[in-house]
Amino acid sequence: MKIIATYTIKGGVGKTATTVNLAFLAAASGYKTLVWDLDPQAASSYYFRIKPKIKGGSKELIAGKTELDPLIKGTDFDNLHLLPADFSFRNLDLVLDAGKKPTQRLQKLLQPLEKEYDFIFLDCPPSISLLSEAVFAAADVVLSPVIPTTLSLRTLEQLKSFISESKLKKLKLLPFFSMVDGRKKLHISLMEEMQAQHPEILSARIPCSSEIEQMGIKRMPLGGYATKGRAIEAYQQLWQEVLPHLQSHQQK
Amino acid sequence: MAEIPVHFELPSNLNIEKFISRTAKKFPLQLTSQYYAVKTFYDSFDWRLYDADLICELNQSKQFSYLNLSNYSNEQLISRVDLENMPVFASDFASPVLVQQLLPLLEMRAMLQLSCLNLQCYHLNILNNDEKTIARLTIEEYESLKHRVSLELIKGYEKAATQLSEFFLESLELKVVKKPVLVAALKAQGRFPGDYSAKLDINFDPNTPAHKAIKTIYKQLLQVIKLNEQDAINATDTEFLHDFRVAVRKTRAGLSQFKSLASEEVSNRYSAYFAWLGQTTSLTRDLDVYLLNFEHYKASLPVAMRDDLNPLGEFLQLKHKTAQQELAAQLKSKQYLTPLIDWEHYLEKADKSIDNKLSIQEFANARIWKIYQRVIKQGSTINNQSPPVVLHDLRKSCKKLRYLIEFFQNLYPETDIKSVLKALKELQELLGDFQDSAVQEQALLQFKTEMMAGDYPEQTFIAMEALAQMLEAKSCQARSHFSKQYAVFVATRNRSLFKSLFVSKT
Ligand SMILES: Nc1ncnc2c1ncn2[C@@H]1O[C@H](COP(=O)(O)OP(=O)(O)OP(=O)(O)O)[C@@H](O)[C@H]1O
Ligand SMILES: [Mg+2]
């Protein structure tokens, strides 16, 4: 079991789109896959048409009173399950803080699912918080979408120093460009510059595409309605680039 | 939570259209695909897959063709492999997964078509208000069997599945089915899974007059002969002829062991007939055995020599082809058929000329005890210097004893019979190794002489000689273990077991 978190400090950059689409691709190639929607806005639950409600809410969940397994729902796609969000997740930080060893909570909760899933995707809300620390402690890989703007260069640097301060040796940060507008000269030159400075940035680039936006109308992952095209190919390329990082972990 | 039933049968007055429309009124649904398909079930003649709790089914439509291997008892899928055409033997599957799963079970047995069903297949999703799929249905509309519906549960939506299942049972009057559709298909052909076995399994009433009871044995053996006859002619696989011959041999053993229960005329006529039938079919069987052993023969030689043996394989194939043709002709001849029909009539008729009053229990006890004593008498005279012929005689007596015990096993406690048979089998195996290896060695040298007349490479003869030496060594080794194995057979424990089982306490 490998845990993949999508995370950014800034909101609205394509985290949920990435989670949902990569999870879909993983499941379609036969991996047992789970998406955990940790965001009270419940965008990924919405894309799978699953009600964002869990019995007992965040309190009982974080306290370990409810097992995760009975809360998990099968999606419309083979091998792909979802643990829905709940509105009470807006208090996750408070709930975590009230318990013991808050940063290790998520890892502990996920442990019993070890045999059930090959991959678990954590869809996180934006912001730096106690929850994000707990996510980093649990994750093997953090995927971080970056929109090619000067501002996001700073946020990426912030994230890198935050992760290096937390001394999480096994954690791998994989930034990639999201919402790329190929027609904007500025985007192209910025991306080249950033990639030169941060060679860990992946080479797959997710374009800005109306097809991706349509996920909200179709209420399903891109792969559920599109099999060809720039957008799906970009996600496929991204997944192919991420996969070796998960496998090299597995061999350890 | 109680288990939700998932396999249903539609009542005959409910067609698929009605079923769908009535379900749709209660549960929003969406038809995702519909297609015509053909489902073909396979197993060996002796039900090896069924015995291993397996169902093997080939599913074909315009879009796909795959083999499903599932558990018979719970219909859980074990593997699904794309496959265009079914091979005859498990060794011929292209997929290593299938070879690995099926070859150890099927070995040399051919996979035969059990049943072939034409159907219309429908896949439906049951949706909730968000148009999320909360359960899936597969409908199988058969041409000649009751239609089936299977419900696939989706994790986290068990409540919906329960409601659906209750609706099916209560409102639509569907029935829960526990047996796979194969069972219904076989039933329509007057068959059932596991309906053939070459093993005798007769439950006698111990008080039945012996002369009546033994006819039941003969009838079962005749059944085995008749069931295997056609495929022995066709050489569908080698086991048909093998089962056929074993039944012939057992009938012969019966005729010689049960002489007092039939007229002399009957005994003589059919003893001669079944002896002839055994001889007529023996060459083909011997060649079958050599060919079945061929890879094993090769493997027992040094690597460098193995391929030198290949011309022998070709020679045996040719010989086999001729023998098989002759066998086929014999099994279609009057010489074969007429006495067999007469034999069947004889078994149907009551035989008034017999004045043997023994019950089958008394008869079986006496017979088995007598042959057992013969085995002991022959065995105890054998020492390291005894010539092969005395071991061969012992082997024959052991075979008789084995058949007798198997004929009558249900008259005795099961666990006792098991240990008796186990002891006997071990002795028989050793005697078999001793004689069969020697016979094979002789045959090999005979083939060599025949092949010398042809155009075969010198290396082949060298390899054959090496093989003959191996076989001789094997035979010698078995011979050297005889005393030890025989001592086990006549150990006090076994002796008293035989005595307690077969000496009548009257
Ligand atoms: N590559 C893209 N091209 C066009 N639109 C996109 C793309 N990726 C995401 N979007 C749209 O942008 C919006 C935000 O995307 P998404 O929800 O994936 O971001 P997020 O980082 O998860 O946001 P949040 O921080 O609120 O969780 C959505 O409406 C989505 O449809
Ligand atoms: Mg999001």
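Residues numbered from 1 in each chain as written. Chains lettered and ligands numbered in written order. Predicted model: local features only at pLDDT ≥ 70, side-chain atom pairs only at ≥ 80, totals over all residues. Heavy atoms only, no water.

**Q** How should the overall build of chain B be read in this particular structure?
**A** Looking only at helices and strands, chain B features 17 helices and nine strands. Overall, the C-alpha framework of chain B stretches about 90 × 65 × 50 Å when taken along its three principal axes. Looking at the 506 residues of chain B, the share that counts as buried comes to 49%. If you take every contact in chain B between residues at least 6 apart in sequence, the share linking residues at least 24 apart comes to 70%. (Helix = DSSP H or I, 4+ residues; strand = E, 2+ residues; numbered from the N terminus. Buried < 20%, exposed > 50% of the residue type's maximum accessible area, 1.4 Å probe, protein only. Contact = heavy atoms within 4.5 Å.)

**Q** Sorry if this is basic, but what is going on with the overall build of chain A here?
**A** Of the regular secondary structure elements, chain A holds eleven helices and eight strands. Taking 2.2 N^0.38 as the reference for a compact globule, 252 residues should give roughly 18 Å; the C-alpha atoms of chain A span a radius of gyration of 17 Å, in line with that estimate. Every one of the 252 residues in chain A was classed for burial, and the buried ones make up 54%. Residue pairs at least 24 apart in sequence account for 80% of intrachain contacts in chain A once pairs closer than 6 positions are excluded. Across chain A, the mean location of the 32 positive side-chain charges is 2 Å away from that of the 26 negative side-chain charges. (Rg over C-alpha atoms; globule rule 2.2 N^0.38 Å. Lys, Arg positive; Asp, Glu negative; His and termini not counted. Charge placed at Lys NZ, Arg CZ, Asp CG, Glu CD.)

**Q** Looking at this model, I keep getting lost on the confidence of the model for chain B. Mind explaining?
**A** Detailed reading of the predicted model is not advised wherever pLDDT is low. Summary statistics for chain B give a mean pLDDT of 95 and a share of 99% for residues scoring 70 or more. Complex prediction metrics read pTM 0.85 and ipTM 0.89. (pLDDT = per-residue confidence, 0-100.)

**Q** Explanation requested: the interface of chain A and chain B in the structure shown.
**A** In many analyses, interface size is given as the accessible surface area lost on bringing the parts together. At the junction of the two partners, chain A supplies 15 residues and chain B supplies ten residues. Buried area between chain A and chain B, summed over both chains or domains, comes out near 990 Å², and the portion from carbon and sulfur atoms is 36%. Three residues stand out in chain A for area buried against chain B, namely Arg49(A), Lys73(A) and Asp76(A), and they jointly supply 48% of the buried area on that side. Here chain A and chain B share four salt bridges between them. Across the pair Asp130(B) and Lys51(A) runs a salt bridge, and its minimum N-O distance is 3.8 Å. Residue classes in the side of chain A that touches chain B are distributed as five nonpolar, three polar and seven charged. (Buried area = accessible area lost by both parts, 1.4 Å probe. Salt bridge = Lys/Arg side-chain N within 4 Å of Asp/Glu carboxyl O. Nonpolar A, V, L, I, M, F, W, Y, C, P; charged D, E, K, R; others polar.)

**Q** What should I look at first to understand the pairing of strand 2 (residues 33-37) of chain A in this one?
**A** A regular strand places its side chains on the two faces of the sheet in alternate fashion. Residue and element names in this part refer to chain A. Among the five residues that make up strand 2, five are buried, leaving the element largely enclosed by the rest of the structure. Residue alternation in strand 2 divides its side chains into two sets, Thr33, Val35 and Asp37 and Leu34 and Trp36, and both sets are buried. Examined bridge by bridge, strand 2 and strand 4 (residues 80-83) share four bridges and lie parallel to one another. Residue pairing in the sheet places Leu34 in a bridge with His81 of strand 4. (Pairing = 2+ DSSP bridges.)

**Q** In this structure, what is going on with the pairing of strand 8 (residues 148-153) of chain B? I would like to understand it.
**A** Residues and elements named next belong to chain B. Pairing analysis gives three bridges linking strand 1 (residues 7-9) to strand 8, with the strands arranged antiparallel. In the sheet register, Glu9 faces strand 8, and the bridge partner there is Arg148. Two strands pair when backbone bridges link them, and strand 7 (residues 133-142) and strand 8 are joined in this way by six bridges, in the antiparallel orientation. Bridging from a neighbouring strand, Leu137 pairs with Leu151 of strand 8. Between strand 7 and the antiparallel strand that follows it, strand 8, lie five residues.

**Q** Got a minute to help me understand the side chain of His198(A) in this structure?
**A** Assignment of secondary structure puts His198(A) in the loop between helix 8 (185-197) and strand 8 (205-207). A polar contact is formed between the side chain of His198(A) and the side chain of Glu157(A), at a distance of 3.4 Å. (Polar contact = N/O pair within 3.5 Å; in protein donor to acceptor, adjacent residues only side chain to side chain.)

**Q** So what exactly am I meant to see when it comes to the sheet that holds strand 6 (residues 141-146) of chain A here?
**A** Adjacent strands of a sheet form backbone hydrogen bonds with each other and so pair up, either parallel or antiparallel. Residues and elements named next belong to chain A. The mixed open sheet is built from eight strands, whose spatial order is 3-4-2-5-1-6-7-8. Looking at which strands have only one partner, the edges of the open sheet turn out to be strand 3 (73-74) and strand 8. Sitting on the sheet, helix 8 touches strand 6, strand 7 (172-180) and strand 8, and the angle it makes with strand 7 is about 170°. (Axes fitted to C-alpha atoms, helices over the stretch in contact; angles between N-to-C directions.)

**Q** How do you make sense of the site of ligand 1 when you look at a structure like this?
**A** Residues and elements named next belong to chain A. In the vicinity of ligand 1, 18 residues are found, and the nearest of them are Lys15, Thr16, Ala17, Pro207 and Ser209. At a separation of 2.9 Å, an oxygen atom of ligand 1 approaches a polar backbone atom of Gly12. When the free accessible area of ligand 1 is taken as 620 Å², the share hidden by the protein chains comes to 81%. If you list the elements that add at least two residues to the shell around ligand 1, you get helix 1 (15-28), strand 8 and helix 9 (210-213). By residue number, the principal contributor to the shell around ligand 1 is helix 1, which donates three residues. In terms of residue class, the shell around ligand 1 is made up of nine nonpolar, six polar and three charged. (Near = heavy atom within 4 Å. Areas by Shrake-Rupley, 256 points an atom, 1.4 Å probe, with all protein chains shown as cover.)

**Q** Can you help me understand the pattern of salt bridges in this one?
**A** A side chain of one charge can pair with a side chain of the opposite charge if their charged atoms are brought near each other. All names here are of chain B. Per the stated rule, a full pass over the model turns up 25 salt bridges over all chains. Note that Glu450 and Lys319 form a salt bridge whose closest N and O atoms lie 2.8 Å from each other. One end of the pair, Glu450, is in helix 14 (residues 414-452); the other, Lys319, is in helix 10 (residues 310-330), with 131 residues separating them in the sequence. Its relative accessible area of 32% is what places Glu450 among the partly exposed residues. Salt bridges linked by common partners bring Asp46, Arg48, Glu107, Arg109 and Asp237 together as one network.

**Q** Can you walk me through the nonpolar core in this structure?
**A** Across soluble globular proteins, nonpolar side chains have a tendency to be buried as a group. Residue and element names in this part refer to chain B. With 95 residues, the main nonpolar core has Phe274, Trp343, Ile405, Phe408 and Phe489 as its most contacted residues. Sort the elements by how many residues they give to this core and helix 6 (residues 210-234) lands first, with eleven residues. When residues are assigned to domains, this core turns out to be shared by domain 1 (7-188) and domain 2 (211-502), each giving three or more. Not counting the four nearest positions on each side in its chain, Ile405 is found in contact with Ile368, Ile417, Val420, Leu421, Leu424, Phe498 and Phe502. (Core = buried A, V, L, I, M, F, W, Y, C linked by side-chain atoms within 4.5 Å. Domains from an automatic or database assignment.)

**Q** Whenever I open this one, the packing of helix 6 of chain B against helix 11 (residues 334-348) of chain B confuses me. Can you help?
**A** To describe two helices that pack against each other, one gives the angle between their axes and the distance between the axes. Residues and elements named next belong to chain B. Between helix 6 and helix 11, whose axes approach to 10 Å, the crossing angle comes to 145°. Crossing hand, helix 6 versus helix 11: left-handed. Residue-level inspection shows Lys215, Tyr218, Lys219, Leu222, Ile225, Lys226 and Glu229 of helix 6 in contact with helix 11, the latter providing Tyr336, Leu340, Trp343, Glu344, Tyr346, Leu347 and Glu348. Here the residues of the contact of helix 6 with helix 11 sort into eight nonpolar, no polar and six charged. (Left-handed = near helix turned anticlockwise from the far one by under 90°.)

**Q** Is there a simple way to think about the side chain of Arg105(A) in this case?
**A** All names here are of chain A. Mapped onto the elements, Arg105 comes out in helix 5 (residues 105-110). In this structure, Arg105 is buried with no salt-bridge partner, the nearest side chain bearing the opposite charge being Asp97 at 12 Å. Within the local environment of Arg105, its side chain forms a polar contact with the backbone oxygen of Ile62, the two atoms lying 2.8 Å apart. In this view, Arg105 contacts Ile62, Ala63, Gly64, Leu96 and Lys100; residues no more than four positions away in its chain are not counted.

**Q** Please explain helix 8 (residues 264-299) of chain B as it appears in this structure.
**A** Taking 1.5 Å as the rise per residue, helix 8 of chain B with 36 residues should run 52 Å; its terminal C-alpha atoms sit 50 Å apart, in good agreement. Where helix 8 of chain B bends most, at Asn293(B), the angle is about 50°. (Expected span 1.5 Å × (residues − 1). Bend = angle between axes of the 7 residues up to and from the residue.)

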